[in-house]
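Here's the letter readout for the chains.
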Amino acid sequence: MPVRLNTSDASFITQFKNFLNSREVASDLVGPVVTDIIRQVRERGDEALFELTTKFDKFDASAEAIKITPHEIADALSLCEPELIKSLRIAAHRIEDYSKRQMPADLDYTDDTGVRLGHRWSPLQSVGLYVPGGLASYPSSVLMNAIPAKVAGVERLVMVVPSPGGVLNPALLGAAHVAGIEEIYKIGGAQAIAALAYGTATIEPVDKIAGPGNAYVAEAKRQVFGKVGIDMIAGPSEILVIADNKTDPSWLAADLLSQAEHDTLASSVLITNDAAYADKVVAEVEKILSTLDRKDIAQLAWDRYGAVIIVADMEQACAVSNTVAPEHLELAVENPDALLPLIAHAGAIFLGRYTPEAIGDYIGGPSHVLPTSRTARFSSGLSVFDFLKRSSIIGCTAQSLAKLSDYAEVLAVTEGLGAHALSVTIRKPKP
């Protein structure tokens, strides 16, 4: 059963902190393994990449075996149900439309001293997209990663996906086709991240790596950061639902389990000011659990990392939520807009009882790649901004330089940087 907390209890703060810390996983075993894998790929390139892929994915890896061909994509498309391709295309259209609306404008103006200032946005040239494969095959993740990058103007998209036994879910290749990805490799794990970061004879390196993966993938992204950019370090899924007592309890039970079925480390939290209503939701969770294909995973997650928190009112509910800083936040209340200004930290916010989190996972428009493990306190979900760079622009005339040169010289001399000062004063008109 999930932990039950009440903000009116004297021990609430201690119990709440214990709950927040309950999913922390030690990485002291993962780190050294990943470091060695990255070293091998960096030093031996393809040789190490093929050895590690053969070892972990159990097929005879080679340059020819890991590269997906147009023929394989065509075959995969023929195996996908028409309704799946239609759904992927609709989702892709919505993600593209939302992403286009996010694209920022350049800035160019001249200030009152006559200095031209501004900035311009430019896309990254190459991005590697890590897509989970095997048991966790998510074609929606292909779209959510690739389409914002395409809209941003990224020229080269490289998709890597683990393929146990050398076999891929056709839906993943169907999604790649819809997203317009042509360079795809059947590699996964830390070795795939290393190949994207450092390059091999078969795979050219990229400028940034995006996409979720397991603990080894997350640690590998952490270790290659600096050599390449990364989107974020993804942790287990999480959902927090703030609810009044006016939504059908079974609806919210399904929402809570929609994340619990992802992973045994997933977290599902219900916050409400009605204890009796909370009991009804919990009862519905137990009913639905037995019907799920992934009931064993969902049950473990719900029992270990589920929580029901009783609060005095909705304002307090928002305060508690802000401390959690959840990946997904549902405001399943009569008037969600009244609570929205009180929410400071959340990866994605779902407004009202008719907006289940799953809409955001698949068809809403914003990317479902979101900050987890309380990182919504300082980071945002994946978007076109992750695939753009901003360059500032400064342009002086002789006249505007003259207005600023004395101040720049004072600051340079104060910092003991004579060449800095000279580079300004040498441009002053000679008397």
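As shown above, the structure is provided for reference.
Computed from a prediction, not measured in an experiment: that's the story for all the values here.

The next subject is the overall build of the chain. Per the secondary structure count, the chain includes 18 helices and 14 strands. With the C-alpha coordinates of the chain rotated into their principal frame, the extents come out at 90 × 60 × 45 Å. For the chain, the residues scored as buried account for 48% of the 431 residues in total. Approximately 20,800 Å² of the chain is accessible, and the part contributed by carbon and sulfur atoms is 55%. For the chain, the centre of its 38 positive side-chain charges and the centre of its 53 negative side-chain charges are spaced 5 Å apart.

What follows deals with the sheet that holds strand β11 (residues 306-310). Taken in spatial order, the 6 strands line up as β1-β11-β10-β9-β12-β13 in an open sheet, and their pairing is parallel. Of all strands in the sheet, those bounded by a partner on one side alone are β1 (3-6) and β13 (348-351). Within this sheet the neighbouring strands show an average axis-to-axis angle of 15°, counted without direction. Pairing of strand β12 (residues 328-332) with β13 involves 4 bridges; the strand directions are parallel.

What follows is about the side chain of T200. Relative to the helices and strands, T200 resides in the loop between α9 (189-198) and β7 (208-210). In this structure the side chain of T200 is engaged in a polar contact, spanning 3.1 Å, whose partner is the backbone nitrogen of T202.

All right, on to the pattern of salt bridges then. One pass over the structure, following the stated rule, counts 17 salt bridges. Measuring nitrogen to oxygen at the nearest pair gives 3.0 Å for the salt bridge that ties R156 to E183. Note that R156 is positioned in strand β5 (residues 156-160) and E183 in strand β6 (residues 183-185), a separation of 27 residues in sequence. Exposure remark for E183: the relative accessible area of 18% places this residue in the buried category. A salt bridge links D386 to K208; its shortest N-O distance comes to 3.8 Å. Residue D386 is located in the loop between α16 (357-362) and β14 (388-395), and its partner K208 is located in strand β7; the two are separated by 178 residues in the primary sequence.

So, on to the environment of Y130. On the secondary structure map, Y130 appears in strand β4 (residues 126-130). Sequence separation between Y130 and G211 is 81 residues, and the spatial gap between their C-alpha atoms is 4.7 Å. If near-sequence neighbours (up to four positions away) are discounted, Y130 is found in contact with V160, P162, G188, G189, A192, I193, A210, G211, P212, G213 and V217.

The interhelical angle for the contact between helix α6 (residues 82-102) and helix α8 (residues 170-179), taken along N-to-C directions, is 40°, at an axis separation of 10 Å. Between α6 and α8, the crossing angle belongs to the class labelled oblique. Pair α6 / α8 crosses with right-handed handedness. Every residue of α8 that contacts α6 at L84, I85, L88, R89 and A92 is listed here: A171, G174, A175, H177 and V178.

Rules used throughout
- Residues numbered from 1 in each chain as written.
- Predicted model: local features only at pLDDT ≥ 70, side-chain atom pairs only at ≥ 80, totals over all residues.
- Heavy atoms only, no water.
- Helix = DSSP H or I, 4+ residues; strand = E, 2+ residues; numbered from the N terminus.
- Buried < 20%, exposed > 50% of the residue type's maximum accessible area, 1.4 Å probe, protein only.
- Areas by Shrake-Rupley, 256 points an atom, 1.4 Å probe, with all protein chains shown as cover.
- Lys, Arg positive; Asp, Glu negative; His and termini not counted.
- Charge placed at Lys NZ, Arg CZ, Asp CG, Glu CD.
- Pairing = 2+ DSSP bridges.
- Axes fitted to C-alpha atoms, helices over the stretch in contact; angles between N-to-C directions.
- Polar contact = N/O pair within 3.5 Å; in protein donor to acceptor, adjacent residues only side chain to side chain.
- Salt bridge = Lys/Arg side-chain N within 4 Å of Asp/Glu carboxyl O.
- Contact = heavy atoms within 4.5 Å.
- Parallel < 35°, antiparallel > 145°, perpendicular 65-115°, else oblique.
- Left-handed = near helix turned anticlockwise from the far one by under 90°.

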